[in-house]
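This is what each chain is made of:
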Amino acid sequence: MGKWKTTMPVYAVITAAGKGLRMGGDLPKQFLSVDGRSILSRTIDCFAPYADEIVVTLNKEALALWESIVSEESGAVPTHRIVIGGETRFQSIKNALQTIPDEALVAIHDGVRPYVAPVTIENCLLAAQSANAAIPVQPVVESLRLLEPDGKSRAVDRSCYVSVQTPQCFWADRIKKAYCCPYRSDFTDDASVYEALYGVGSVVVVEGNWQNIKITRPGDLLFRPWVKDR
Ligand SMILES: Nc1ccn([C@@H]2O[C@H](COP(=O)(O)OP(=O)(O)OP(=O)(O)O)[C@@H](O)[C@H]2O)c(=O)n1
Ligand SMILES: C[C@](O)(CO)[C@H](O)COP(=O)(O)O
């Protein structure tokens, strides 16, 4: 894989201002170590070859902790700028986008997805460059059921659905405009915010990589993408 470059500046927003409630424990999951390196540092590193600037959102309360991790990892964490996040992922991203110029491509990525593949980042940026908005997806690997309001459930055709990952990539001016709308609880990602303004069909999907899990629960910490499939 070569170093990918576009003529427009590329900004990576790595959002890491969450509390990690489903993970539990004393430290928010983005600061936990996997094989000697913090999850957040691993994630930031994935974007260093692509981004002209990396913006990381953090909670105010986590600033000192992150500073100490960066110093412990002595030079391993690529240069980045910190923006204080908000109460929701939506607010954290909004805060970061406000610091980014309009004339740029932006890749918005969860700080807890350290196993994103270079090809996923490249394909999303390329697709966003030509189609305005692109997100990585994977096929659903389990059966799916719809929960009906009357308490019954019914099987649905899983081939009609995909599972959504990050980085979600956009032209900065367009996603910034989308983020001017008021928060809604069904905004579960950046694509849903974008689609609310620009309509269904405004976001293209590209193939993600199955290793690009969102570290969410304790068992996810055992995952090692560098162990080969048997
Ligand atoms: N107010 C928030 C909430 C979440 N995130 C970030 O959004 C990403 C995806 O969110 P999720 O996995 O839900 O993280 P948490 O909100 O930390 O987890 P939980 O819901 O279990 O508390 C994470 O990198 C998280 O740090 C954020 O930047 N600001
Ligand atoms: C943005 C995301 O990672 C795409 O799959 C996901 O929607 C985040 O969800 P969460 O509610 O923050 O766990």
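Our subject is the structure listed above.
A few points on the structure. (Residues numbered from 1 in each chain as written. Chains lettered and ligands numbered in written order. Predicted model: local features only at pLDDT ≥ 70, side-chain atom pairs only at ≥ 80, totals over all residues. Heavy atoms only, no water.)

As for the environment of Ala12
For step 1, the next point in the chain: Note that Ala12 resides in strand E1 (residues 10-15).
For step 2, the next point in the chain: For the pair Ala12 and Trp210, spaced 198 residues apart in sequence, the C-alpha separation works out to 21 Å.
For step 3, the next point in the chain: The residues touching Ala12, leaving out its near neighbours within four places in the chain, are Phe47, Ala51, Glu53, Ile54, Val55 and Ala107. (Helix = DSSP H or I, 4+ residues; strand = E, 2+ residues; numbered from the N terminus. Contact = heavy atoms within 4.5 Å.)

Considering the pattern of salt bridges
For side chains of opposite charge, pairing can occur when their charged atoms come near one another.
For step 1, the next point in the chain: Counting across every chain of the model gives 11 salt bridges.
For step 2, the next point in the chain: In this structure, a network of salt bridges that share partners links the residues Arg89, Asp110, Arg113 and Asp190. (Salt bridge = Lys/Arg side-chain N within 4 Å of Asp/Glu carboxyl O.)

Structural notes on the site of ligand 1
For step 1, the next point in the chain: Surveying the vicinity of ligand 1 reveals 20 residues, the closest of which are Thr15, Gly20, Leu21, Arg22 and Ser92.
For step 2, the next point in the chain: Contact distances for ligand 1 include 2.6 Å between an oxygen atom and a side-chain N or O atom of Thr15.
For step 3, the next point in the chain: Surface burial for ligand 1 is 87%, taken as the share of its 560 Å² of free accessible area covered by protein chains.
For step 4, the next point in the chain: By residue class, the composition of the shell around ligand 1 is 4 nonpolar, 9 polar and 7 charged. (Near = heavy atom within 4 Å. Polar contact = N/O pair within 3.5 Å; in protein donor to acceptor, adjacent residues only side chain to side chain. Areas by Shrake-Rupley, 256 points an atom, 1.4 Å probe, with all protein chains shown as cover. Nonpolar A, V, L, I, M, F, W, Y, C, P; charged D, E, K, R; others polar.)

A look at the side chain of Thr15
For step 1, the next point in the chain: Residue placement: Thr15 occurs in strand E1.
For step 2, the next point in the chain: Its relative accessible area of 10% is what places Thr15 among the buried residues.
For step 3, the next point in the chain: Once residues lying within four places of it in the same chain are set aside, the contact partners of Thr15 are Thr57, Arg89, Ser92, Ile93, His109, Asp110 and Gly111. (Buried < 20%, exposed > 50% of the residue type's maximum accessible area, 1.4 Å probe, protein only.)

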